[in-house]
Amino acid sequence: MSMDLDFELNADRLREECGVFGIYGHPDAAALTALGLHALQHRGQEAAGIVSFDGERFQTERRLGLVGDHFSSEKVINRLQGSSALGHVRYSTTGETILRNVQPLFAELAAGGLAVAHNGNLTNGLTLRRELIAQGCICQSTSDTEVILHLVARSQKGRIVERYIDALRALEGAYALVALTNKKLIGARDPLGIRPLILGELNGAYILCSETCALDIIGAKFIREIENGEVVVISDEGVESLRPFPKQMARPCIFEYIYFSRPDSILGGRSIYEVRKAMGRELARESELEADVVVPIPDSGVPAALGFAEETGIPFELGIIRNHYVGRTFIEPTQTIRSLGVKLKHNANRAVVKDKRVVLIDDSIVRGTTSVKIVRMMYEAGAREVHMRISSPPIKHPDFYGIDTPEQKSLLAATHTLEEMREYIGVTSLAFLSVDGIYRAVGLPGRDNARPQFTDHCFTGDYPTHLTDLIGESKKQQLSLLAEAG
């Protein structure tokens with residue numbers, strides 16, 4: 001498939017920036033890291049990389065594309081020797097998708113080699129980069145992660161862990177960081193815990209990763225989540241926990257529950273799958289209607305649709321069938337092929353929707369362009385009415401913490417009233433889950449507006465950190481206009 005058409009099919013979805021996986025003390029470290037990254041592939045499909053350490057030297061493999069395309073061969077894994085490894089999958093929210101931006105990034109410091117992988121986004125990354133360049137630093141990528149490497153390198157502290165923490169003190173925004181040295185695996189979670197980080201164990205080897213599903217794939221045991229503001233140091237002596245920041249109330253990202261985490265993951269002691277079903281039940285309680293069939297928009301709408309159907313008693317049916325084999329190797333599209341649009345990924349199940357009052361369930365609406373095409377497809381398949389229910393509140397504000405959202409002017413809910421959105425999408429009725437409904441679905445009585453329990457700025461506009469780079473700046477602005485061929 002051409003990149004243009006692939007963008008058309010994906011531009012109306014939210015995208016997480018990346019996932020991380022690190023392991024210390026296992027003879028098959030690189031192979032297990034590749035498997036862990038495979039489980040985290042949903043968090044980033046543009047590039048993947050692994051760095052390993054064999055006791056004497058670091059090896060690295062970084063590639064554009066999917067994990068399975070590059071890290072499934074014995075030849076590649078054999079090049080990544082050692083009992084410790086660090087891996088990363090990414091989307092590009094800051095920095096283009098070019099090889100020099102692919103993580104983990106590696107640098108040779110006075111104290112030895114350091115590889116760093118980062119999930120999240122710094123809201124002062126551009127400001128820090130400019131300051132570093134003004135002081136003589138040479139930046140070869142456009143990634144926030146390189147800023148972190150420079151800060152560690154320039155720290156005047158003694159031990160590598162102290163230098164690492166010294167660098168963290170300069171950061172604003174969201175980060176789950178994992179670093180690999182010749183003697184340690186170091187993890188850190190930002191003071192609010194916006195991005196997730198998990199600690200696991202396999203046969204005496206410790207693991208740091210973005211989600212519990214990455215532990216499941218290798219048969220590892222979940223130990224606990226790294227807490228907000230915590231730094232963990234894994235070495236031959238075991239796991240050491242450090243608390244270098246003043247204690248704050250955690251505010252993890254609510255979108256992990258709505259969309260990003262895999263349904264079989266556990267986060268904050270909650271099953272992602274069960275929370276999404278609960279969102280569907282809350283949605284049903286908030287927006288009553290008469291209908292014949294509940295249809296999820298696959299795959300993201302399935303758990304909420306199950307909950308909605310259970311609560312209302314309306315039958316759940318697969319009224320839309322997804323083609324899982326649409327990829328970038330598809331035919332070069334002519335205008336005729338391009339006009340098929342969403343049908344390359346989704347097709348109506350006519351037998352289920354014909355002459356029916358259909359309730360479409362999805363987890364979010366971003367630009368709304370895909371929703372328009374799916375609703376039209378339902379009508380073309382013979383649906384009598386098409387109602388749309390969204391298991392999250394309207395997205396009215398952009399994200400700056402690692403979610404690839406459009407500018408605010410491109411967010412449908414930011415520029416249209418609910419009735420205008422209904423007319424634009426072409427549905428009989430449209431309703432969203434309330435903000436309090438989201439909080440009830442995760443087991444809370446509602447949002448505490450005085451001390452919000454989650455980072456939910458996309459719905460509320462309540463950004464929990466400073467947005468230093470946005471003062472007089474465009475979030476998309478880069479220092480370099482270099483492009484990389486190939």
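Residues numbered from 1 in each chain as written. Predicted model: local features only at pLDDT ≥ 70, side-chain atom pairs only at ≥ 80, totals over all residues. Heavy atoms only, no water.

Brief notes about the confidence of the model for the protein
Step number 1: Predicted confidence across the protein gives a mean pLDDT of 90, with 88% of residues reaching 70 or more.
Step number 2: Counted against residues more than four places away or in other chains, residues 1–9, with its pLDDT under 50, gives 23 contacts.
Step number 3: Within the model, pLDDT remains below 50 along residues 474–486, and this stretch shows 22 contacts once partners closer than five positions in the same chain are excluded. (pLDDT = per-residue confidence, 0-100. Contact = heavy atoms within 4.5 Å.)

Some words on the sheet that holds strand 2 (residues 47–53)
In a beta sheet, neighbouring strands are held together by backbone hydrogen bonds and run either parallel or antiparallel to one another.
Step number 1: Read from one edge of the open sheet, seven strands run 3-2-4-1-10-9-11, paired in antiparallel fashion. Each of the sheet's edge strands pairs with one partner strand only, and the pair in question is strand 3 (58–64) and strand 11 (221–225). Looking at each pair of strands side by side, their axes are set apart by 15° on average, direction ignored.
Step number 2: Along the sheet, helix 2 (residues 29–39) makes contact with strand 1 (18–24), strand 2, strand 4 (84–90) and strand 9 (198–202), crossing strand 4 at roughly 25°. (Pairing = 2+ DSSP bridges. Helix = DSSP H or I, 4+ residues; strand = E, 2+ residues; numbered from the N terminus. Axes fitted to C-alpha atoms, helices over the stretch in contact; angles between N-to-C directions.)

Concerning the side chain of Ser 235
Step number 1: With respect to the helices and strands, the residue Ser 235 is situated in strand 12 (residues 231–235).
Step number 2: When residues no more than four places from it in sequence are discounted, the contact partners of Ser 235 are Tyr 24, Lys 183 and Lys 184.

Quick notes on the pattern of salt bridges
Step number 1: Here the structure, examined in full by the defined rule, presents 28 salt bridges.
Step number 2: The partner of Arg 63 in a salt bridge is Glu 61, and the shortest N-O contact between them spans 2.8 Å.
Step number 3: Accessibility expressed as a relative area gives 33% for Arg 63, which makes it partly exposed.
Step number 4: In this structure Glu 61 comes out as buried when scored by relative accessible area, which is 8%.
Step number 5: Members of the salt-bridge network, linked through shared partners, are Glu 282, Arg 285, Glu 286, Glu 311 and Arg 440. (Salt bridge = Lys/Arg side-chain N within 4 Å of Asp/Glu carboxyl O. Buried < 20%, exposed > 50% of the residue type's maximum accessible area, 1.4 Å probe, protein only.)

Re the environment of Gly 307
Step number 1: Mapping Gly 307 onto the fold places it in helix 11 (residues 302–312).
Step number 2: With near-sequence residues (within four places) excluded, Gly 307 lies in contact with Lys 277, Gly 280 and Arg 281.

Points about the sheet that holds strand 21 (residues 429–432)
Step number 1: Spatially, the four strands line up as an open sheet ordered 16-19-20-21, and their pairing is parallel. Pairing within the sheet leaves two strands with one partner each, and these edge strands are strand 16 (293–296) and strand 21. Strand-to-strand twist of the sheet, defined as the mean angle between neighbouring strand axes without regard to direction, takes the value 20°.
Step number 2: Summarising the sheet, strand 16 and strand 19 (residues 357–362) pair through four bridges and their orientation is parallel. By the bridge assignment, Val 293 is partnered in strand 19 with Val 358.
Step number 3: Contacting strand 20 (385–390) and strand 21, helix 16 (residues 418–425) crosses the sheet at an angle of about 125° to strand 21.

Topic: the packing of aromatic side chains
Step number 1: A full pass over the atoms with the stated rule returns eight aromatic pairs.
Step number 2: Measuring from centroid to centroid gives 4.6 Å for Phe 53 and Phe 58, while their planes differ by 40°, and the two rings are tilted. Considered together, Phe 53 and Phe 58 belong to a single accessibility category, that of buried residues.
Step number 3: On the basis of an interplanar angle of 50° and a centroid distance of 4.9 Å, the ring pair of Phe 58 and Phe 106 is categorised as tilted. Of the two residues, Phe 58 sits in strand 3 while Phe 106 sits in strand 5 (residues 105–109), which places them 48 residues apart along the sequence.
Step number 4: In this structure an aromatic cluster arises from ring pairing among Phe 255, Tyr 259, Phe 260 and Phe 459. (Phe/Tyr/Trp six-rings, centres within 6.5 Å; stacked < 30°, edge-to-face > 60°.)

Section: the side chain of Ser 429
Step number 1: One can find Ser 429 in strand 21.
Step number 2: Of the polar contacts made by the side chain of Ser 429, one reaches the side chain of Arg 389; its length is 3.1 Å.
Step number 3: With near-sequence residues (within four places) excluded, Ser 429 lies in contact with Leu 289, Val 386, His 387, Met 388, Arg 389 and Arg 422. (Polar contact = N/O pair within 3.5 Å; in protein donor to acceptor, adjacent residues only side chain to side chain.)

Thoughts on the nonpolar core
Step number 1: Formed by 40 residues in total, the largest nonpolar core has its most connected members in Ile 254, Phe 255, Tyr 257, Met 279 and Ile 361.
Step number 2: Breaking this core down by element, the ones donating at least two residues are helix 9 (255–260), helix 10 (272–286), helix 11, strand 19, helix 17 (435–441) and helix 18 (457–460).
Step number 3: Take this core: its biggest share by element is six residues, from helix 10.
Step number 4: Excluding its chain neighbours within four sequence positions, the residues that come into contact with Ile 254 are Ile 438, Val 442, Phe 454, Thr 455, Asp 456 and Phe 459.
Step number 5: Judged by nonpolar contacts, the second largest core, of 29 residues, contains Leu 105, Val 161, Leu 177 and Val 231. (Core = buried A, V, L, I, M, F, W, Y, C linked by side-chain atoms within 4.5 Å.)

Some thoughts on the packing of helix 10 against helix 11
Step number 1: Where helix 10 meets helix 11, the closest approach of the two axes is 6 Å, and the angle between their N-to-C directions is 45°. By the angle class used here, helix 10 and helix 11 are oblique. In this structure, helix 10 meets helix 11 at a crossing whose hand is right-handed. Between helix 10 and helix 11, the residues in contact are Tyr 273, Arg 276, Lys 277, Gly 280, Arg 281, Leu 283, Ala 284 and Arg 285 and Pro 303, Ala 304, Leu 306, Gly 307, Phe 308, Glu 310, Glu 311 and Thr 312, respectively.
Step number 2: Its residues placed into classes, the contact of helix 10 with helix 11 shows seven nonpolar, three polar and six charged. (Parallel < 35°, antiparallel > 145°, perpendicular 65-115°, else oblique. Left-handed = near helix turned anticlockwise from the far one by under 90°. Nonpolar A, V, L, I, M, F, W, Y, C, P; charged D, E, K, R; others polar.)

Some thoughts on the pairing of strand 10 (residues 205–209)
Step number 1: Here strand 10 lies mainly inside the structure; four of its five residues are buried.
Step number 2: Strand direction decides the pairing type here: strand 1 and strand 10, joined by four bridges, are antiparallel. When the sheet's bridge partners are listed, Phe 21 is paired in strand 10 with Cys 209.
Step number 3: Summarising the sheet, strand 9 and strand 10 pair through five bridges and their orientation is antiparallel. Paired with Leu 199 across the strands is Leu 208, a residue of strand 10.
Step number 4: Between strand 9 and strand 10, which pair antiparallel one after the other, the connecting turn spans two residues, and Asn 203 there sits at a positive phi close to 50°.

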